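These are the residues of each chain, in order.
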Amino acid sequence: MSKRILSAFMVVFFVLSACVSGDGLPPTRVITDLKGVDSKQYQNDLYECRRYAGQIDVGGDALTGLVAGALFGAAVGSALGNKDDAKRTAKVGAVAGLTEGTSGALGEQDLIIRNCLIGRGYKVLN
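S.K.: How do you make sense of a nonpolar patch on the surface when you look at a structure like this?
M.R.: There is a patch of nonpolar side chains on the surface, built from Leu 63, Val 67 and Leu 71 and spanning about 290 Å² of accessible area. Inspection of the secondary structure assignment puts Leu 63 in helix α3 (residues 58–80).

Quick look at the structure:
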C-alpha cells in the first residue's frame, strides 16, 4: 500500500473518530441556557437527543463525499487533458468531498440535538 493511500486512510480514521464521543454518541456543540433547569432532567433529555442525532451516519456521509469528490475531480482532470491533472484534481476533490460530507453530517446532528432540546422546552443559545 502506498504512503499516500495509507495517509489518506489515517486522515479519514482520525476525522471519523473525532466525530464520536467516549459514550459512542455524537458530541454536542449546542449551548443551552441552564438557568433554573433541573440538571439531572437536562442530562437525560440531552442523552436522548444525542441518541436521535446518532442515527446520522457521519462516517458514511464522509466516505460518500470522499468517493464522489475523487470521481468528480478525476473527471475534471481528465477533461483538462492528461493523467497528472486527473490525479491531482482527484486528490483535491477527495479532500473537498470528505470535508463537505463530514461537516454536513455533523451540522445535521447539531440541528437534530438543537431541535430536540427546543422541543423539550429548553432555551438553546446557538
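S.K.: In this structure, what is going on with the state of the cysteines? I would like to understand it.
M.R.: Disulfides are covalent bonds that connect the sulfur atoms of two cysteines. In the structure shown here, the tally under the stated rule is one disulfide. Each sulfur of the disulfide joining Cys 49 and Cys 116 lies 2.1 Å from the other. Here Cys 49 and Cys 116 share a disulfide; its torsion about the S-S bond, -75 degrees, makes the bridge left-handed. Taken together, the residues Cys 49 in helix α2 (residues 39–53) and Cys 116 in helix α4 (residues 83–119) connect sequence positions 67 residues apart. Like Cys 116, Cys 49 is buried.

Basis of the calculations
Residues numbered from 1 in each chain as written. Predicted model: local features only at pLDDT ≥ 70, side-chain atom pairs only at ≥ 80, totals over all residues. Heavy atoms only, no water. Patch = residues over 30% accessible without salt bridge, like charges linked within 9 Å, V, L, I, M, F, W, Y side chains within 5 Å. Areas by Shrake-Rupley, 256 points an atom, 1.4 Å probe, with all protein chains shown as cover. Salt bridge = Lys/Arg side-chain N within 4 Å of Asp/Glu carboxyl O. Helix = DSSP H or I, 4+ residues; strand = E, 2+ residues; numbered from the N terminus. Disulfide = S-S within 2.5 Å. Buried < 20%, exposed > 50% of the residue type's maximum accessible area, 1.4 Å probe, protein only.

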